Amino acid sequence: MVTKKSVEFDPYIERKAFDETKEGVKGLVDAKITEVPRIFHVPQGSLTDKKPSVSDLEIPIIDFASVHVDKASREAVVEKVKHAAEKWGFFQVINHGIPLNVLKEIEDGSRRFHEEDSEVKKRYFSRDFNKNKFVYNSNFDLYSASPSVNWRDAFSCYMAPDPPPPEDLPVACRDAMIEYTKHVMSLGDLLFELLSEALGLKSETMKNMDCLKSLLMICNYYPPCPQPDLTMGISQHSDNSFLTILLQDNIGGLQILHQDSWVDVSPIPGALVINMGDFLQLITNDKFVSANHRVPANREGPRVSIASFFSSSALPSSTVYGPMKELVSEENPPKYRDITIKEYTEGYFVKGLGGTSYLSNIRI
Ligand code: OGA
Ligand code: NI
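Residues numbered from 1 in each chain as written. Chains lettered and ligands numbered in written order. Predicted model: local features only at pLDDT ≥ 70, side-chain atom pairs only at ≥ 80, totals over all residues. Heavy atoms only, no water.

1. Structural notes on the overall build of the protein
Phase 1 of the analysis: Assigned secondary structure in the protein consists of 10 helices and 15 strands.
Phase 2 of the analysis: Relative to the globule expectation of 21 Å for 364 residues, the C-alpha radius of gyration of the protein, 20 Å, shows essentially globular dimensions.
Phase 3 of the analysis: A total of about 16,700 Å² of accessible surface is found on the protein, and carbon and sulfur atoms cover 53% of it.
Phase 4 of the analysis: Here the protein contributes 40 positive and 50 negative side-chain charges, whose respective centroids are spaced 3 Å apart. (Helix = DSSP H or I, 4+ residues; strand = E, 2+ residues; numbered from the N terminus. Rg over C-alpha atoms; globule rule 2.2 N^0.38 Å. Areas by Shrake-Rupley, 256 points an atom, 1.4 Å probe, with all protein chains shown as cover. Lys, Arg positive; Asp, Glu negative; His and termini not counted. Charge placed at Lys NZ, Arg CZ, Asp CG, Glu CD.)

2. Concerning the environment of K342
Phase 1 of the analysis: Following the sequence through the fold, K342 ends up in helix α10 (residues 341–351).
Phase 2 of the analysis: Taking relative accessible area as the criterion, K342 reaches 41% and is therefore assigned partly exposed.
Phase 3 of the analysis: Spatially, the C-alpha atoms of K342 and S317 are 7.5 Å apart, while their sequence positions differ by 25 residues. (Buried < 20%, exposed > 50% of the residue type's maximum accessible area, 1.4 Å probe, protein only.)

3. Details of a nonpolar patch on the surface
Phase 1 of the analysis: A contiguous nonpolar patch, built from Y12, I13 and Y143 and spanning about 330 Å² of accessible area, is present on the exposed surface.
Phase 2 of the analysis: Take I13: it is sitting in helix α2 (residues 11–21). (Patch = residues over 30% accessible without salt bridge, like charges linked within 9 Å, V, L, I, M, F, W, Y side chains within 5 Å. Salt bridge = Lys/Arg side-chain N within 4 Å of Asp/Glu carboxyl O.)

4. Focus on the pattern of salt bridges
Where charged atoms of side chains with opposite charge meet at close range, the side chains can pair.
Phase 1 of the analysis: Under the defined criterion, the tally for this structure stands at 25 salt bridges.
Phase 2 of the analysis: In this structure, the salt-bridge partner of R127 is D19, at a minimum N-O distance of 2.6 Å. Of this pair, R127 sits in the loop between α6 (118–122) and β4 (134–137) while D19 sits in helix α2, and the two are 108 residues apart along the sequence.
Phase 3 of the analysis: Between E197 and R74 there is a salt bridge, with its nearest N and O atoms 2.7 Å apart. Placement of E197 in helix α7 (residues 174–198) and of R74 in helix α4 (residues 71–87) is noted, with a sequence separation of 123 residues between them.
Phase 4 of the analysis: A cluster of three or more residues bridged by salt bridges with shared partners is formed by R74, D189, E193, E197, E204 and K207.

5. A few points about the coordination of the nickel ion (ligand 2)
Phase 1 of the analysis: The protein atoms donating to the nickel ion (ligand 2) are H237 (NE2), D239 (OD) and H293 (NE2), with metal-donor distances spanning 2.1 Å.
Phase 2 of the analysis: Taken in sequence order, the residues that donate to the nickel ion (ligand 2) follow the motif H-x1-D-x53-H. Note that D239 is positioned in the loop between β7 (232–237) and β8 (243–248) and H293 in strand β12 (residues 293–296), a separation of 54 residues in sequence. (Donors = N, O, S within 2.8 Å, 3.2 Å for Na, K, Ca; no water.)

6. Here we look at the site of ligand 1
Phase 1 of the analysis: Around ligand 1, the surrounding shell holds 13 residues, and the nearest of these are Y222, H237, H293, R303 and S305.
Phase 2 of the analysis: For ligand 1, an oxygen atom lies 2.8 Å from a polar atom in the side chain of R303.
Phase 3 of the analysis: By residue number, the principal contributor to the shell around ligand 1 is strand β13 (residues 303–310), which donates four residues.
Phase 4 of the analysis: Of the residues in the shell around ligand 1, the class split is seven nonpolar, four polar and two charged. (Near = heavy atom within 4 Å. Polar contact = N/O pair within 3.5 Å; in protein donor to acceptor, adjacent residues only side chain to side chain. Nonpolar A, V, L, I, M, F, W, Y, C, P; charged D, E, K, R; others polar.)

7. Looking at the pairing of strand β9 (residues 255–258)
Phase 1 of the analysis: Alternating positions in β9 separate into two faces, Q255 and L257 on one and I256 and H258 on the other, with burial throughout.
Phase 2 of the analysis: Judged from the four bridges that link them, β9 and strand β10 (residues 261–264) form a sheet pairing that is antiparallel. When the sheet's bridge partners are listed, L257 is paired in β10 with W262.
Phase 3 of the analysis: Where β9 hands over to β10, the hairpin turn is made up of two residues, of which Q259 adopts a positive phi near 45 degrees.
Phase 4 of the analysis: The pairing of β9 with β12 spans two bridges and is antiparallel. (Pairing = 2+ DSSP bridges.)

Structure follows, in structure tokens:
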């Protein structure tokens, strides 16, 4: 029997009403709500469908200090990167070369924008990268098939290859975004070299495939949640990128799915979290893994994180990506069909976050 209550609940209308406030989750928290609205509720059981998180496992921590010292030290780092990319899909990097003050500036700048007067933020509210380079909203996948809305706001901007004119960026985070981008691009350059070397290929291989060409920066803001057991900060997903560089603040909460357990990615001051995205799993024919990860909601907050995605989803490129020829053979045939980033991204967006990886849709 359909109850009266479930007939009245139209998630589309409620999601739209939330969207039209243009104030995001922070607007709800500022209004001092004590109960999480229904659209944010995760389907029953989905928070407990995997083993509880384990605290005795830790994702690899790799020190880049010696990477430019000599050939042998670089090879030792490449070995560690290879192990992490194959077995975990994730690692933390220390001594990565980005100065602490640059990390602090982008963290502060991101928080500053999210804590601006809501009238200022509303000017940037949009879901359309074709119209705006700097886009602020809550839940990019609000109108997708995502199972529930996340307890998170975010602003996003393509910072490479064609960054917006500085005056199009909000004053609160303008200088920090420009400065952080420079450093993220050079760390990305090094990472794609090391990852290519880890596959036994020339250092330039991935860069020659345009992996480093485009950078989407997303600054996430997770307000404190009054009923954290009912919702998620970000639902389980793998990233629509080649590679992601994540800066998280000291609150923590990021978890990765590893051998069917949720493993906490503990914050290390000054470190960056590196993870393989779906496109790296695709071009390496599953040698590197794009691991599922999530952030549960938390009473503590606000938490901020800055995710820098190397992925050119907004560029109208006809380049198709498939498993690299060097990595396939008769015994190890391609596991995926060729696809453009645009086509992949469209499918990823229609599906929304939560559930299985979109990669399974293009598996041969
Ligand atoms: C993401 C993501 C994790 C975090 O933005 O894709 O996984 O810690 N963020 O905010
Ligand atoms: Ni992610």
